[in-house]
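# Structural description and commentary
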Amino acid sequence: MKIGIIMGSKSDLNIMNDAAEICKEFGVEFEMTVVSAHRTPDRMFNYAKEAAQRGIKVIIAGAGGAAHLPGMVASITTVPVIGVPVKSSNSIDGWDSILSILQMPNGIPVATVALNAAKNAGLLAVQILSTADERLVAKMQAYKDELRKKVEESAASMAG
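Anyway, here's the lowdown on the structure attached to this text. Model, not experiment: these values are computed from the prediction.

With that out of the way, let us pick up the pairing of strand E3 (residues 56-64). With respect to burial, E3 is a largely interior element, seven of its nine residues being buried. Handedness of the crossover is the feature at issue here: the chain leaves E3, passes through helix H3 (residues 69-76), returns alongside strand E4 (residues 81-86), and the resulting connection is right-handed.

Quick look at the structure:
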């Protein structure tokens, strides 16, 4: 089981690395590359069409601006796609990316996380994979237990 992490431009790498770090933390195999919907449509088409054959079970696609990459990839593959809207240099405060990814037509779903939230995309991808992997279920539970523990410690440190 492998996660594909793609982005529209290398400038998105600083955001998309968060998804890769989650994959590493959970011991999930991944691949990461640049696939531009606008500048390399043939590369995008081939990536999406061949993803399942390469063992990819979830694709995380980050894009800024017009942000067509997640939706276009989802229109080609049967693999679940998680879109990460990226606030890019040519962005309208990130809203263009958010709405481009969020407002997919019926029949072509793309799960969408918050602006620049590649970490959450990584976590969602791991949770999707965990439906078929008890090892990941245990790791995800431990991760969530650690989050709970940190909040409880913070609350206790504030108690008088």
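Two elements in contact, helix H5 (residues 118-130) and helix H6 (residues 134-158), have axes whose closest approach is 8 Å; the angle formed by their N-to-C orientations is 140°. Between H5 and H6, the angle is such that the two are oblique. Judged by the twist between their axes, the crossing of H5 over H6 is left-handed. Of H6, the residues touching H5 (which contributes Lys119, Leu123, Val126, Gln127, Leu129 and Ser130) are Leu136, Val137, Met140, Tyr143 and Lys144. The class makeup of the residues in the contact of H5 with H6 is seven nonpolar, two polar and two charged.

So, on to the nonpolar core. In this structure, Ile3, Phe26, Ile60 and Val84 are the most contacted members of the largest nonpolar core, which totals 27 residues. Counting only elements with at least two residues in this core, the list comes to strand E1 (2-7), helix H1 (13-26), E3, E4, H5 and H6. In terms of residues, this core owes the most to one element, H1, which gives seven residues. Leaving out residues up to four positions away in the same chain, isoleucine 60 has contacts with Ile3, Gly4, Ile5, Ile6, Met16, Ala19, Ile82, Val84, Ala121, Gly122 and Ala125.

This part covers the side chain of aspartate 12. Structurally, aspartate 12 can be placed in the loop between E1 and H1. There is no salt bridge for the buried aspartate 12, and the closest opposite charge comes from arginine 39, which lies 6.8 Å off by N-O distance. In this structure aspartate 12 touches Met7, Gly62, Ala63, Gly64 and Val86, once residues within four positions along its chain are discounted.

What follows is about the environment of valine 137. Looking at the secondary structure, you find valine 137 in helix H6. Judged by relative accessible area, which is 34%, valine 137 ranks as partly exposed. Each C-alpha atom of the pair valine 137 and lysine 24 lies 16 Å from the other, and the pair is 113 residues apart in sequence.

In this section: a nonpolar patch on the surface. Taken together, the side chains of Trp95, Leu99 and Leu102 present a nonpolar region at the surface, about 330 Å² in accessible area. Among the structural elements, leucine 102 can be located in helix H4 (residues 95-102).

End to end, H1 covers 20 Å across 14 residues, agreeing with the expected 20 Å (1.5 Å per residue, within 8%). In the core, the buried residues of H1 are packed alongside E1, strand E2 (29-34), E3, E4, H5 and H6. In the stretch just after H1, glycine 27 is the one whose phi turns positive, near 70°.

The full count for this structure, using the stated rule, is one aromatic pair. Ring geometry for phenylalanine 26 against tyrosine 143: centres 5.6 Å apart, planes inclined by 50°, an arrangement best described as tilted. With a gap of 117 residues between them, phenylalanine 26 in helix H1 and tyrosine 143 in helix H6 connect regions that are remote in the sequence. Above the plane of the ring of tyrosine 47 lies arginine 54, whose end atom (NZ or CZ) is 4.7 Å from the centre.

Procedures and definitions
- Residues numbered from 1 in each chain as written.
- Predicted model: local features only at pLDDT ≥ 70, side-chain atom pairs only at ≥ 80, totals over all residues.
- Heavy atoms only, no water.
- Buried < 20%, exposed > 50% of the residue type's maximum accessible area, 1.4 Å probe, protein only.
- Helix = DSSP H or I, 4+ residues; strand = E, 2+ residues; numbered from the N terminus.
- Right-handed = clockwise from strand over helix to strand, strands pointing away.
- Axes fitted to C-alpha atoms, helices over the stretch in contact; angles between N-to-C directions.
- Parallel < 35°, antiparallel > 145°, perpendicular 65-115°, else oblique.
- Left-handed = near helix turned anticlockwise from the far one by under 90°.
- Contact = heavy atoms within 4.5 Å.
- Nonpolar A, V, L, I, M, F, W, Y, C, P; charged D, E, K, R; others polar.
- Core = buried A, V, L, I, M, F, W, Y, C linked by side-chain atoms within 4.5 Å.
- Lys, Arg positive; Asp, Glu negative; His and termini not counted.
- Salt bridge = Lys/Arg side-chain N within 4 Å of Asp/Glu carboxyl O.
- Patch = residues over 30% accessible without salt bridge, like charges linked within 9 Å, V, L, I, M, F, W, Y side chains within 5 Å.
- Areas by Shrake-Rupley, 256 points an atom, 1.4 Å probe, with all protein chains shown as cover.
- Expected span 1.5 Å × (residues − 1).
- Phe/Tyr/Trp six-rings, centres within 6.5 Å; stacked < 30°, edge-to-face > 60°.
- Lys NZ or Arg CZ within 6 Å of the ring centre and 35° of its normal.

By themselves these figures say nothing about function.
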